[in-house]
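# Observations on the three-dimensional arrangement
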Amino acid sequence: MFKTLKNDLPASVVVFFVALPLCLGIALASGAPLFSGLIAGIIGGVLVGGLSGSKIGVSGPAAGLAAIVFAAIATLGYKEFLVAVVIAGVIQILFGVLKLGIIGYYFPSSVIKGMLTGIGIIIILKQIPYFLGYIPPKGEGTFTAIYNSILDISLPSVVIAIIGLLILLLWQEVLIKKHKIFSLIQGPLVAVIVGIIFYAIFKDSTTLALEGKNLVNVPIPEDAASFIAQFSFPEFSAITNPKVWIVAFTIALVASLETLLCVEATDKLDPNKNVTPTNRELFAQGTGNIVSGMIGGLPITQVIVRSSANIQSGGLSKMSAIIHGFLLLISVIIIPRLLNMIPLSVLAAVLLIVGYKLAKPALFKKMYNLGWKQFIPFTVTVLGIVFIDLLWGIGLGLAVGIVVILIKSYQNSHFLHKEDKSNGVQKMKMTLAEEVTFFNKGSILKELDALPKDSYLELDVTKTRYLDNDIIEILEDFAFKAKQRNIDIKLISERGEIENPPSYIEFFKLRPKSA
């Protein structure tokens with residue numbers, strides 16, 4: 001891992017600056033102490049980063065769990081909620097032992113790409129108010145916040161945000177291609193430093209001074225005792241409360257699913273195409289949640305925002321995730337006052353670039369060109385995430401994907417070829433697919449009922465390896481109707497040909513097991 005330190009160290013700094021406001025923001029959205037978000041970020045980086053098999057995945061508190069956490073804290077109380085987080089971690093470890101990490105592989109690529117794009121759009125929308133210097137009050141909707149931010153623009157925030165954005169674009173599009181030094185010193189770091197300098201220079205200005213609300217706000221411990229006092233510990237007497245167990249299972253399931261989807265998405269973004277062992281990832285996440293819950297932290301998942309920032313910044317091994325965790329810890333202990341000089345609008349500029357890279361307009365065109373079977377689940381996922389939430393978006397996208405599969409299965413169960421009439425008899429040949437299930441009942445029944453009277457049907461099942469009993473029953477019923485309509489049937493199989501078989505059920509029962 002240390003061989004790639006020259007790449008991982010600057011990437012870890014970028015991830016640190018991305019993670020810091022997210023840790024605080026997710027804690028705020030969850031109705032939890034701000035320090036709990038930092039705890040989750042530190043553990044997600046140091047502990048989960050060390051245990052995980054992912055080289056470039058970064059874990060921390062997840063926005064997708066904020067609504068669940070908010071409701072749980074309101075219902076249980078914070079210390080009782082921490083018990084649920086610990087139990088959820090144990091359940092995740094059990095998931096890993098039972099090798100349930102394959103669940104994520106059953107999500108279509110279109111849904112995963114839609115998840116990435118939707119998250120990118122959410123990041124952009126969420127950062128617009130901060131870019132304009134407006135701090136949304138708790139509970140204010142995304143679009144309402146954008147509207148209000150336009151009515152209440154802060155000039156100093158906008159100026160430094162635009163400067164930061166120009167630095168990022170210049171660094172990414174021009175300077176990084178000019179000299180190697182610009183690859184080692186990342187643009188986001190420079191933008192943040194310029195933001196601190198801007199604040200320091202103009203803090204006494206009447207027009208360009210930044211208000212305190214427009215700066216990062218990290219808790220500042222006065223001494224070791226006050227630092228330790230920021231930790232909370234679970235109230236294990238609540239372990240007999242059924243509501244605690246319900247919350248625990250909910251967190252375990254949602255966090256595991258979100259992690260597995262992010263693992264799949266991160267592996268797709270990874271330029272080296274590393275494959276993360278999913279069962280080991282569940283073990284790592286479960287361990288992280290046990291420790292986080294024990295000391296007052298929020299639930300942890302692998303997070304696509306941090307992971308994608310890590311990839312885009314050139315991170316090559318898990319050292320970048322681990323170092324970013326230590327940077328969070330060091331910053332909270334040593335330099336909280338310096339961190340509190342960072343303008344939120346500069347961090348918003350950094351996140352706008354991250355969001356744009358996840359939701360490039362070119363991706364919409366690419367998905368459209370792949371056809372409706374890819375584009376519709378992709379679009380539904382994006383819209384669901386943007387207008388409802390992450391889990392609803394994924395669920396809707398998956399449901400649409402399943403409907404698409406059913407439609408294609410309905411269409412591809414068989415092939416019917418009509419031949420010229422011979423001796424006044426219409427001859428047709430129906431070839432069944434390799435696998436024919438009850439999904440195909442409607443299309444096959446429709447074709448059989450449409451056969452004209454006094455015709456001749458060749459039913460070819462030579463290539464069919466699985467034939468559902470529902471289909472066999474349809475053929476059995478059709479044999480009776482065929483006699484009434486004077487339709488002769490020749491059944492063609494690997495065992496030979498048979499005219500008007502007396503019983504399809506008996507015939508297929510005698511087929512070799514391999515077929």
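Refer to the preceding data block for the structure.
Below is a summary of the structure that appears in this document.

Calculation rules
- Residues numbered from 1 in each chain as written.
- Predicted model: local features only at pLDDT ≥ 70, side-chain atom pairs only at ≥ 80, totals over all residues.
- Heavy atoms only, no water.
- Core = buried A, V, L, I, M, F, W, Y, C linked by side-chain atoms within 4.5 Å.
- Buried < 20%, exposed > 50% of the residue type's maximum accessible area, 1.4 Å probe, protein only.
- Contact = heavy atoms within 4.5 Å.
- Pairing = 2+ DSSP bridges.
- Helix = DSSP H or I, 4+ residues; strand = E, 2+ residues; numbered from the N terminus.
- Salt bridge = Lys/Arg side-chain N within 4 Å of Asp/Glu carboxyl O.
- Axes fitted to C-alpha atoms, helices over the stretch in contact; angles between N-to-C directions.
- Parallel < 35°, antiparallel > 145°, perpendicular 65-115°, else oblique.
- Left-handed = near helix turned anticlockwise from the far one by under 90°.
- Nonpolar A, V, L, I, M, F, W, Y, C, P; charged D, E, K, R; others polar.
- Expected span 1.5 Å × (residues − 1).
- Bend = angle between axes of the 7 residues up to and from the residue.

### Things to note about the nonpolar core
- Core analysis: the biggest nonpolar cluster contains 102 residues, and Phe81 and Val305 have the highest contact counts within it.
- Each residue touching valine 305, except ones within four places of it in the same chain, is listed here: Val18, Leu22, Ile119, Ile123, Leu351 and Val354.
- By size, the runner-up hydrophobic cluster in this structure holds 24 residues, among which are Leu451, Leu467, Leu491 and Phe507.

### Some points on the pairing of strand β9 (residues 496-499)
- By the bridge criterion, four bridges tie strand β8 (residues 488-493) to β9 in an arrangement that is antiparallel. Its bridge partner lying in β9, leucine 491 is registered against isoleucine 498.

### Details of the pattern of salt bridges
- Across all of its chains, the model carries five salt bridges by this definition.
- In this structure, lysine 427 engages glutamate 458 in a salt bridge whose closest nitrogen and oxygen atoms are separated by 3.5 Å. Here lysine 427, found in strand β4 (residues 426-432), pairs with glutamate 458, found in strand β6 (residues 455-460); they are 31 residues apart in sequence, far enough to count as distant.
- A relative accessible area of 28% places lysine 427 in the partly exposed class.
- What makes glutamate 458 buried here is its relative accessible area of 11%.
- Note that lysine 490 and glutamate 458 form a salt bridge whose closest N and O atoms lie 3.9 Å from each other. Separated by 32 residues along the polypeptide, lysine 490 in strand β8 and glutamate 458 in strand β6 bring together distant segments of the chain. You'll find lysine 490 and glutamate 458 in the same group, each marked buried.
- Salt bridges linked by common partners bring Lys427, Glu458, Lys490 and Glu497 together as one network.

### Observations regarding the side chain of threonine 259
- Mapped onto the fold, threonine 259 is located in helix α11 (residues 242-269).
- With relative accessibility at 0%, the residue threonine 259 sits in the buried group.
- Not counting the four nearest positions on each side in its chain, threonine 259 is found in contact with Glu281, Gln285, Thr301 and Gln302.

### Thoughts on the packing of helix α1 (residues 5-29) against helix α16 (residues 344-358)
- The geometry of α1 relative to α16 is characterised by a closest axis approach of 10 Å and an angle of 110 degrees between their N-to-C directions. Taken together, the axes of α1 and α16 are roughly perpendicular relative to one another. In terms of crossing hand, the pair formed by α1 and α16 is left-handed. On α16, the residues that touch Phe17, Val18, Pro21 and Leu22 of α1 are Leu347, Val350 and Leu351.
- Among the residues forming the contact of α1 with α16, the class breakdown is seven nonpolar, no polar and no charged.

### As for the pairing of β6
- Among the six residues of β6, six are classified as buried, and the element is accordingly described as predominantly covered.
- Here β6 shows no split at all, with Ser455, Leu457 and Leu459 on one side and Tyr456, Glu458 and Asp460 on the other all buried.
- In this structure, β4 lies alongside β6, joined through six bridges in parallel fashion. Within β6, the position partnered with glutamine 426 by the bridge is serine 455.
- Where β6 and β8 come together, five bridges link them in parallel fashion. The partner of leucine 459 across the bridge, within β8, is leucine 491.

### Let's talk about helix α2 (residues 34-51)
- Taking 1.5 Å of rise per residue, 18 residues should cover 26 Å, and α2 covers 25 Å from first to last C-alpha, within 8% of that figure.
- Roughly 35 degrees is the biggest bend found in α2, and it falls at glycine 44.

### Here's the deal with the packing of helix α9 (residues 187-202) against α16
- Following both chains from N to C, one finds α9 and α16 inclined at 165 degrees, their axes separated by 9 Å at the closest point. Comparing their axes, α16 and α9 come out roughly antiparallel. Between α9 and α16 the crossing geometry is right-handed. Every residue of α16 that contacts α9 at Pro188, Ala191, Val192 and Gly195 is listed here: Val346, Leu347 and Val350.
- Here the contact of α9 with α16 is composed, by residue class, of six nonpolar, one polar and no charged.

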